[in-house]
Amino acid sequence: MTATLDVVRRTLVETLELQHPPEDLTADTPLFGAIPELDSFGVVALVTALEDRFDITIDDDEFGADLFETVGSLTDFVDAKIAV
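Residues numbered from 1 in each chain as written. Predicted model: local features only at pLDDT ≥ 70, side-chain atom pairs only at ≥ 80, totals over all residues. Heavy atoms only, no water.

*Asks:* Mind laying out the packing of helix H2 (residues 40-54) against helix H3 (residues 71-83), listing which residues take part and the relevant values?
*Replies:* With their axes 11 Å apart at the nearest point, H2 and H3 run at an angle of 40° to one another. The orientation of H2 relative to H3 falls into the category oblique. The crossing of H2 and H3 is right-handed. Note on element contacts: H3 touches H2 through Leu-74, Val-78 and Ile-82, opposite Leu-46, Leu-50 and Phe-54. Here the residues of the contact of H2 with H3 are counted per class, giving six nonpolar, no polar and no charged. (Axes fitted to C-alpha atoms, helices over the stretch in contact; angles between N-to-C directions. Helix = DSSP H or I, 4+ residues; strand = E, 2+ residues; numbered from the N terminus. Parallel < 35°, antiparallel > 145°, perpendicular 65-115°, else oblique. Left-handed = near helix turned anticlockwise from the far one by under 90°. Contact = heavy atoms within 4.5 Å. Nonpolar A, V, L, I, M, F, W, Y, C, P; charged D, E, K, R; others polar.)

*Asks:* I'd like a description of the packing of aromatic side chains, backed by residues and values.
*Replies:* Under the criterion given, the structure shown has one aromatic pair. Ring geometry for Phe-63 versus Phe-68: centroids 6.3 Å apart, planes at 50°, classification tilted. Judged by relative accessible area, Phe-63 falls into the partly exposed class, the value being 32%. The exposure class of Phe-68 is buried, given its relative accessible area of 4%. (Phe/Tyr/Trp six-rings, centres within 6.5 Å; stacked < 30°, edge-to-face > 60°. Buried < 20%, exposed > 50% of the residue type's maximum accessible area, 1.4 Å probe, protein only.)

*Asks:* An account of the packing of helix H1 (residues 2-16) against H3 is requested, with residue identities and associated values reported.
*Replies:* Where H1 meets H3, the axes come as close as 9 Å, and the angle between the chain directions of the two elements is 120°. In terms of their interaxial angle, H1 and H3 are classed as oblique. Classified by chirality, the crossing of H3 by H1 is right-handed. The segment H1 lies against H3, with Thr-4, Leu-5, Val-8, Arg-9 and Leu-12 engaging Val-71, Leu-74, Thr-75, Val-78, Asp-79 and Ile-82. Its residues placed into classes, the contact of H1 with H3 shows seven nonpolar, two polar and two charged.

Here it is in structure tokens:
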């Protein structure tokens, strides 16, 4: 998970233009509702960036609040998509 976590953190910071380094984001860092930049437009931009970086497809029916609950939940989801 570490390699995926590193890329997910960098993608979050770059895509949402967050003002802190990726290392500040831990697996337990809350996302949706805690990071103002992760609004509806931010979610679309983030999903697109993750799809590009990991060469995965995230279907509309896979979107849910639990996916964006924490950095760890998002990383676990990406890991599962890569494994397929």
